[in-house]
Amino acid sequence: MKALITGANGQLGWSLQQTAPQGAELICTDVAELDICDADAVAAFVGEHKPDLILNAAAHTAVDKAESEEELALRINAQAVGNLADAARAHNARLVHVSTDFVFDGVSGVPYKPSDAPAPVSAYGRTKLAGEQAAGPDALIVRTAWVYAPKGNNFVRTMLRLMAERDEVRVVADQIGTPTYAPDLAAALWALSAKGITGIHHYTDSGVASWYDFAVAIQEEGFAAGLLSRAVPIIPINTADYPTPATRPHYSVLDKSSTFSALGSPAPHWRANLRKMLQEIKTHG
């Protein structure tokens, strides 16, 4: 199998490379190798390399910046997806596209099913929803949330740095979701694609947390792993106390039951995966 990975330098792109099936031939690209916003370049690249599978891990993920540059976010998160979908259809490849919990408004209070009606409340959410539509019905679309990995910039690494630098850390406590360990998400994408599954599906770690809960666990597990030398107060705050350009869903837990059924087992609990990730940092930096 030959697989094209876009956004290969990001934490999900890296994780897809780490978890690729044995024997898979990987074509790893980021914007320097392939500008997925350029339809002609995508068509030529896919035509030349003829991948069996296109895994799109590229995205404009700067949620707040998207409010002021929605046109750019739309190009990367939607129009580029359409370019990949067109090229996939033209060359009989399968497209796997990653979307987000931000397609929902967060007012439900119960986990969102893949069939629930989207209602994004931010530019990022709107552009990612447009990307789902551009991917088309023959693609595998997997919505996820709160992604982190041993590599790259993410909430876990930011918290470890702030906890080492500051005398206290203030973290939003009224936004509820679920962290997702990128290597497990990547393995799920490979497994679902191998089964020939299409349509919209949800995948995160198991369990539920606020950002505050996540931060408390990062400190506890980070201290236990020897990555932190002291504990600092973690102060829970409300979203209103930390205004941002983009509105974020207050409750964006995703219902993964159908995905876990297709995979044959549930994802590990987010705290178990956090512990695994911190051990990875301790071992490899």
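Cut-offs used in this document
Residues numbered from 1 in each chain as written. Predicted model: local features only at pLDDT ≥ 70, side-chain atom pairs only at ≥ 80, totals over all residues. Heavy atoms only, no water. Helix = DSSP H or I, 4+ residues; strand = E, 2+ residues; numbered from the N terminus. Rg over C-alpha atoms; globule rule 2.2 N^0.38 Å. Buried < 20%, exposed > 50% of the residue type's maximum accessible area, 1.4 Å probe, protein only. Contact = heavy atoms within 4.5 Å. Axes fitted to C-alpha atoms, helices over the stretch in contact; angles between N-to-C directions. Left-handed = near helix turned anticlockwise from the far one by under 90°. Nonpolar A, V, L, I, M, F, W, Y, C, P; charged D, E, K, R; others polar. Pairing = 2+ DSSP bridges. Polar contact = N/O pair within 3.5 Å; in protein donor to acceptor, adjacent residues only side chain to side chain.

### Thoughts on the overall build of the protein
Part 1 of the reasoning: Along the backbone of the protein there are ten helices and twelve strands.
Part 2 of the reasoning: Taking 19 Å as the expected radius of gyration for a compact globule of 285 residues, we find that the protein reaches 19 Å, a close match to that expectation.
Part 3 of the reasoning: Principal-axis analysis of the C-alpha atoms gives the protein an extent of 55 × 40 × 35 Å.
Part 4 of the reasoning: When burial is assessed residue by residue, the protein has 49% of its 285 residues classed as buried.
Part 5 of the reasoning: A sequence separation of at least 24 residues applies to 81% of the contacts in the protein between residues at least 6 apart.

### Some thoughts on the packing of helix α2 (residues 39-49) against helix α4 (residues 70-90)
Think of two packed helices as two axes; the pair is described by the angle between the axes and how far apart they sit.
Part 1 of the reasoning: The geometry of α2 relative to α4 is characterised by a closest axis approach of 9 Å and an angle of 35° between their N-to-C directions. In this structure, α2 crosses over α4, and the sense of that crossing is right-handed. Between α2, through Ala39, Val42, Ala43 and Val46, and α4, the contact on the second element is made entirely by Asn83, Leu84 and Ala87.
Part 2 of the reasoning: A class-by-class count of the residues in the contact of α2 with α4 yields six nonpolar, one polar and no charged.

### Details of the sheet that holds strand β10 (residues 199-202)
Part 1 of the reasoning: Read across the open sheet, the six strands follow the order β2-β1-β3-β4-β5-β10; overall the sheet is parallel. At either end of the open sheet lies a strand with only one pairing partner, and these are β2 (25-28) and β10. With direction set aside, neighbouring strand axes in the sheet form an average angle of 20°.
Part 2 of the reasoning: Along the sheet face, α4 touches β1 (2-6), β3 (53-56) and β4 (94-100) and points at about 160° away from the line of β4.
Part 3 of the reasoning: The sheet strands contacting helix α5 (residues 123-135) are β4, β5 (140-144) and β10, and the helix crosses β4 at an angle near 160°.

### Points about the side chain of Arg143
Part 1 of the reasoning: With respect to the helices and strands, the residue Arg143 is situated in strand β5.
Part 2 of the reasoning: On the accessibility criterion, Arg143 (1% relative accessible area) is buried.
Part 3 of the reasoning: There is a polar contact of 3.4 Å between the side chain of Arg143 and the backbone oxygen of Pro114.

### Considerations on unusual backbone geometry
Part 1 of the reasoning: Look at Lys50: it is not a glycine, yet its phi comes out positive at around 50°.
Part 2 of the reasoning: Residue position: Lys50 is located in the loop between α2 and β3.
Part 3 of the reasoning: In this structure, Asn92 takes a positive phi of about 60° despite not being glycine.
Part 4 of the reasoning: Inspection of the secondary structure assignment puts Asn92 in the loop between α4 and β4.

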